[in-house]
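Geometric and topological summary
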Amino acid sequence: MNEEKDNVPNILLDEGRELGERFEDYLVKIHEGFHNKRFPAPLRPMALGGFRVATGRDIAGWHQIQKDWMRYIDEIAENPQSSSADELFEQIPEWVGLFQKHLVFAQRAPMQASRFFQDRQSIVDAEKIFAENGVKVIEAKINWLKRLMSIRRIVAIDTLESDTGLRASLGLYHDSDVRGVENLAAVEVVDVRKTYGDVKAIDGITFSVDKGEIFGLLGPNGAGKTTLIECLEGIRTPDSGEIIILGETYAKKNQIREKIGLQLQSTGLFPTLTVKETLSMYISFFKKALPIDNVIAWVNLAEKSSSQVRNLSGGQYQRLSLAIALVNDPDVLFLDEPTTGLDPRVRRDLWDIILAVKNRGKTVFLTTHYMDEAERLCDRLAVVDRGRIIELGTPDELIRRHIGEKSIEFTYKGNISGQEIAKLPGLLNHWIKGDRVIVVSEKEQEALSFLLKEGLSNTEIGDIIVRRGTLEDVFLKLTNRGIES
Ligand code: ATP
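Residues numbered from 1 in each chain as written. Predicted model: local features only at pLDDT ≥ 70, side-chain atom pairs only at ≥ 80, totals over all residues. Heavy atoms only, no water.

Right, let's get into the site of the ligand. Around the ligand, a shell composed of 14 residues is seen, among which G222, G224, K225, T226 and T227 lie nearest. Note that an oxygen atom of the ligand is positioned 3.0 Å from one of the backbone N or O atoms of A223. Contact with the protein chains removes 62% of the 630 Å² of surface that the ligand exposes when unbound. For the shell around the ligand, the elements supplying multiple residues, two or more each, are β2 (199-210) and α8 (225-232). Ranked by residue count, the leading element in the shell around the ligand is α8, at 3 residues. (Near = heavy atom within 4 Å. Polar contact = N/O pair within 3.5 Å; in protein donor to acceptor, adjacent residues only side chain to side chain. Areas by Shrake-Rupley, 256 points an atom, 1.4 Å probe, with all protein chains shown as cover. Helix = DSSP H or I, 4+ residues; strand = E, 2+ residues; numbered from the N terminus.)

Listed below in structure tokens is the structure:
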């Protein structure tokens, strides 16, 4: 026997066994998570492939490591001088590498969960599995292996950590070979926080935006939308958390700058420059830019290219600010309230331009106050309130989840009381906004005839309509107040 070979202390073995059991528990939970009926079946092969590539083993491979781990511990406990001890020590460098990869995966996984699951509960469950079970047990296992290694000094852990091959393999999650994983996310946001004095403007936000989608951020005044979008644009720095744009963090600010387009809420353009001169100026800020006439054509400003900015209408001004965001042919476009203050027809023109940008394969991240805008433009959206995401999904999903197919809306005069409304058959929810009441009932026909025949005491009911549920209904329900209030 090698003289340097100290016996593994029993206490370390006991701890190793306990970690093995916790890891087994975690593996069972992720297996269940991937095969859960709420997991969209078409995405499962990609998710399992992503897991395998990111962690270096598929789930069966991890079960095998787990079995070997427990077997070594049992055999060493039984006979400290057995060959299992040597085998385990030989195994350590590879395992440390694999567990470190798995750790990176588990840290990122909650963010991935919002991509695969649409319902809030599953996202919360996934966060719990990875953040509470996974990350903690894997960190403890790496620690345990390092302590074990220090007993035997088979490989100095420093050598292992400075191994560039290993480092590279840890970054494999973003390797461009990993198709379907790397290629999915345009924007990844992990547990971002930003506080101003006592105000938690962003209070732990995690989500991701897929390439090629229009993703909307909705929320009442002061919800944190501008703070968040400005963090994503690199204009503000979060206090903590991670922002990854097209696989890069803001450590590489200049690289990101070239790939994103910004349309700011209040673009201060020079009034006496023409449209063309304005765009030329912005083009000069970038290494690579599109031909100016293409950009002007995209936003339908060809006729105005020689007009001074001060002579543009509100809609034309907004289109010019959109053109500025497009000059560097960005892959991701950030639009902060792109149509605020414009009349409905002009807003619709801008929507068409934004949809055309998406059709050119761009990713668009926008904030808006307008529910119709979100419904028309967004593939997915997040509703934020008081710095937190309170809902995330496609507009249809949110409407179905919160409202169902239809809602009843009526105007009223006089007093209205919740007690009276509660008499409506099948009542699930109701909101009062100004002189309008919106009612969601599981017995919508009965609720409608009740309103028509019985009415509500002390209330004069005006027009009644039965209509499809809208995002505005969802918003009212979630935030208990109107978005334009
Ligand atoms: P709006 O729709 O009105 O533009 P918003 O959703 O964009 O609102 P933010 O502007 O991000 O919200 O503001 C979030 C919170 O942070 C608010 O309470 C706001 O007062 C506060 N806040 C934002 N910027 C600052 C700042 N520079 N200093 C102090 N507080 C700030």
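Turning to the sheet that holds strand β1 (residues 185-196), a few remarks are in order. Strand pairing within a sheet occurs via backbone hydrogen bonds; the two strands may be parallel or antiparallel. Across the sheet, which stays open at both edges, the 3 strands sit in the order β2-β1-β4 with antiparallel pairing between neighbours. Every interior strand has two partners, whereas the edge strands, β2 and β4 (240-245), have only one. Across the sheet, the mean angle from the axis of one strand to that of its neighbour is 15°, orientation sign disregarded. Where β1 lies against β4, 5 bridges are found, and the strand directions are antiparallel. Across the sheet, V187 pairs through a bridge with I245, a residue of β4. Along the sheet, helix α4 (residues 83-116) contacts β1, β2 and β4; its crossing angle with β2, the most-contacted strand, is approximately 65°. Against the sheet, α8 contacts β1, β2 and β4, and its axis sits at roughly 55° relative to β2. (Pairing = 2+ DSSP bridges. Axes fitted to C-alpha atoms, helices over the stretch in contact; angles between N-to-C directions. Contact = heavy atoms within 4.5 Å.)

Tracing the chain through its elements places S306 in the loop between α11 (292-298) and α12 (314-326). A relative accessible area of 64% means that S306 is categorised as exposed. Separated by 29 residues in sequence, S306 and E277 have C-alpha atoms that sit 8.3 Å apart. (Buried < 20%, exposed > 50% of the residue type's maximum accessible area, 1.4 Å probe, protein only.)

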